[in-house]
Amino acid sequence: MSSPDPDSWVVHKFGGSSVADAACFARVAAIVESQPGRRLAVVLSACKGVTDALLQLVNSAERQDESWRAALQALRERHATIAAALLPAALVQEYLAEFDRDAADLDSVLRTTQVMRTGGLHVRDRVSGYGEIWSTRLFWRYLQQRGQRRDIHWIDARTCVIAEWGPLGPGIQWPVSSERLHKLLPPAAATLIVTGYIASDPAGIQTTLGRNGSDFSASIFAALLSAAEIHIWTDVDGVLSADPRRVPDARVISALSYNEAMELAYFGAKVIHPQTMAPAVGRDIPIWIRNTFAPEKPGTLICAHPNSDQPVKGITSIDEVALVNIEGAGMIGVPGTAHRLFGAL
Ligand code: ADP
Ligand code: ASP
Ligand code: MG
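Described below are features of the structure shown in this document. Predicted model only: the values in this text are computed from it and were never measured.

Criteria and cut-off values
Residues numbered from 1 in each chain as written. Chains lettered and ligands numbered in written order. Predicted model: local features only at pLDDT ≥ 70, side-chain atom pairs only at ≥ 80, totals over all residues. Heavy atoms only, no water. Helix = DSSP H or I, 4+ residues; strand = E, 2+ residues; numbered from the N terminus. Rg over C-alpha atoms; globule rule 2.2 N^0.38 Å. Buried < 20%, exposed > 50% of the residue type's maximum accessible area, 1.4 Å probe, protein only. Contact = heavy atoms within 4.5 Å. Areas by Shrake-Rupley, 256 points an atom, 1.4 Å probe, with all protein chains shown as cover. Near = heavy atom within 4 Å. Polar contact = N/O pair within 3.5 Å; in protein donor to acceptor, adjacent residues only side chain to side chain. 1 Å grid on protein atoms, 1.4 Å probe; cavity = no way out; pocket = protein on both sides within 12 Å on 5 of 7 lines; lining within 4 Å. Sits in = over half its atoms within 2 Å of the grid points. Pairing = 2+ DSSP bridges. Axes fitted to C-alpha atoms, helices over the stretch in contact; angles between N-to-C directions. Salt bridge = Lys/Arg side-chain N within 4 Å of Asp/Glu carboxyl O.

**Digging into the overall build of the protein chain**
Within the protein chain one finds 11 helices and 12 strands. Computed over C-alpha atoms, the radius of gyration of the protein chain comes to 21 Å, within 12% of the 20 Å expected from 2.2 N^0.38 for 345 residues, which places it in the range of a compact globule. Based on the C-alpha atoms only, the size of the protein chain along its principal axes is roughly 75 × 60 × 45 Å. For the protein chain, the residues scored as buried account for 49% of the 345 residues in total. Excluding contacts between residues fewer than 6 apart, the proportion of contacts in the protein chain whose partners are at least 24 apart in sequence is 76%. Total accessible area on the protein chain stands at roughly 16,700 Å², and carbon and sulfur atoms take up 55% of it.

**Examining the side chain of Ser 177**
Along the chain, the position of Ser 177 falls in helix H7 (residues 174–184). With residues near it in sequence (within four places) discarded, Ser 177 still touches Cys 160, Val 161, Ile 162, Ile 172 and Leu 224.

**Describing the site of ligand 1**
Near ligand 1 there are 19 residues, and of these Asn 212, Thr 234, Asp 235, Leu 240 and Lys 270 occur at the shortest range. Gly 16 has a polar backbone atom sitting 3.1 Å from an oxygen atom of ligand 1. Separating an oxygen atom of ligand 1 from a side-chain N or O atom of Thr 234 is a distance of 2.7 Å. In isolation ligand 1 offers 570 Å² of accessible surface; the protein chains occlude 91% of this area.

**Some points on the site of ligand 2**
In the neighbourhood of ligand 2, the contacting residues comprise Ser 45, Thr 51, Glu 132, Tyr 197, Arg 211, Asn 212, Gly 213 and Ser 214. Between ligand 2 and the protein, one listed contact pairs an oxygen atom with a side-chain N or O atom of Ser 45 at 3.1 Å. In this structure, Arg 211 approaches ligand 2 through a side-chain N or O atom, which is 2.7 Å from an oxygen atom. Judged by the fraction of its atoms near the pocket grid, ligand 2 is located in the largest pocket.

**What to know about the environment of Leu 341**
Tracing the chain through its elements places Leu 341 in helix H11 (residues 337–344). In this structure Leu 341 comes out as partly exposed when scored by relative accessible area, which is 23%. Residues Leu 341 and Ile 326, 15 residues apart in the sequence, show an inter-C-alpha distance of 9.1 Å.

**Quick word on the sheet that holds strand S1 (residues 9–14)**
Spatially, S3-S6-S2-S1-S9-S11-S12-S10 is the arrangement adopted by the 8 strands of the open sheet, whose pairing is mixed. Where the open sheet ends on each side, the last strands, each with one partner, are strand S3 (152–155) and strand S10 (255–257). The mean angle between the axes of side-by-side strands here comes to 20°, regardless of whether they run parallel or antiparallel. Of the strand pairs in this sheet, S10 and strand S12 (residues 300–303) are connected by 3 bridges, and their pairing is parallel. Bridge pairing in S12 places Ser 257 opposite Cys 303. In the packing of helix H9 (residues 258–266) onto the sheet, contacts are made with S10, strand S11 (287–291) and S12, and the angle to S10 comes to roughly 90°.

**Some words on the pattern of salt bridges**
All chains considered together, the criterion is met by 19 salt bridges. Two residues, Arg 69 and Glu 66, come together in a salt bridge whose shortest N-O distance is 2.6 Å. Here Glu 66 falls in the partly exposed class, since its relative accessible area comes to 41%. Across the pair Asp 156 and Arg 158 runs a salt bridge, and its minimum N-O distance is 2.7 Å.

**Some details on unusual backbone geometry**
You will see that Ser 226, though not glycine, has its phi angle at about 50°, which is positive. In this structure, Ser 226 sits in the loop between helix H8 (214–224) and strand S9 (229–234). Phi at Asp 284 is positive, roughly 55°, even though this residue is not glycine. Position of Asp 284 relative to the elements: it lies in the loop between helix H10 (277–283) and S11. For Asp 284, a relative accessible area of 49% puts it in the partly exposed group.

Okay, here's the thing in structure tokens:
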């Protein structure tokens, strides 16, 4: 693995499975502290399963099912347990006081949802984004408490990443995002703890980068910081030649081009969000996919010109896809048929 200039930014992203419980937070902190660079941006996902649980709160409220109250309490318990295992009592109190302010907001949103019987997109975006706020606030305090790195700053990506959703997914407004982030940046060496997944739209309303979007957050921050490298830490040894849940003896691919990685991701390799590669390609930033639970392993390198002679890199699959075959005389020479057909689909 290369050693970038110690003054360059390096972005490390840890997925939900890497921050599932207190032992995971300790593992992630040790990885962060072992990094040689002086400028690190650490992007975190929500703790494993939390985004799903938050979306479930909205579903329950829409169904008039009061169980969202107990489920919200269970989310508090889960974060309180991790905080209690990692932080001294005063910091646990501080963390939970912030959590309770969020929970009060959530309570209002969910009560309204229950009355209205519908949440809508803005409500889902707002509610599902709390997981990243909770995981990063906890990790930020924990890393400070360990005392190995100095100048640790919490960055709420909603204040600097501006994304507008279009038919092709979230589009980043680069100039304004860059201007906002650079206003927040400390001048010298620093460790930034950054919320993955969330952003704001141009009107200032909270949005997300889509499910699994923290990978994309990592490359957005890498581009904004002109980072030297991106490391995506997950729960497998790298990009594998097939989905390991279907093919247990799938092998790690040592190197992939940006195009190959994009293709695998678009066609179902869940290990990386398909939009992650785009900000890295233009700036030639290498992306490493690595295992949080086996940090000594080399992982997969995704870059412009990988050193590999493997013609076939991997196989992917997508579930629940239907092939619709439509035929008939009405299709021949009738203008607008295809338009109406695709419109209906
Ligand atoms: P994270 O929580 O780190 O974001 P994800 O669950 O989003 O992790 O992605 C990692 C998972 O992707 C792995 O646990 C694995 O089951 C799955 N996966 C599917 N296809 C592949 C593949 N080709 N290579 C590696 N992992 C894959
Ligand atoms: N927490 C978000 C999700 O579960 C984003 C991410 O993990 O990448 O989709
Ligand atoms: Mg993921």
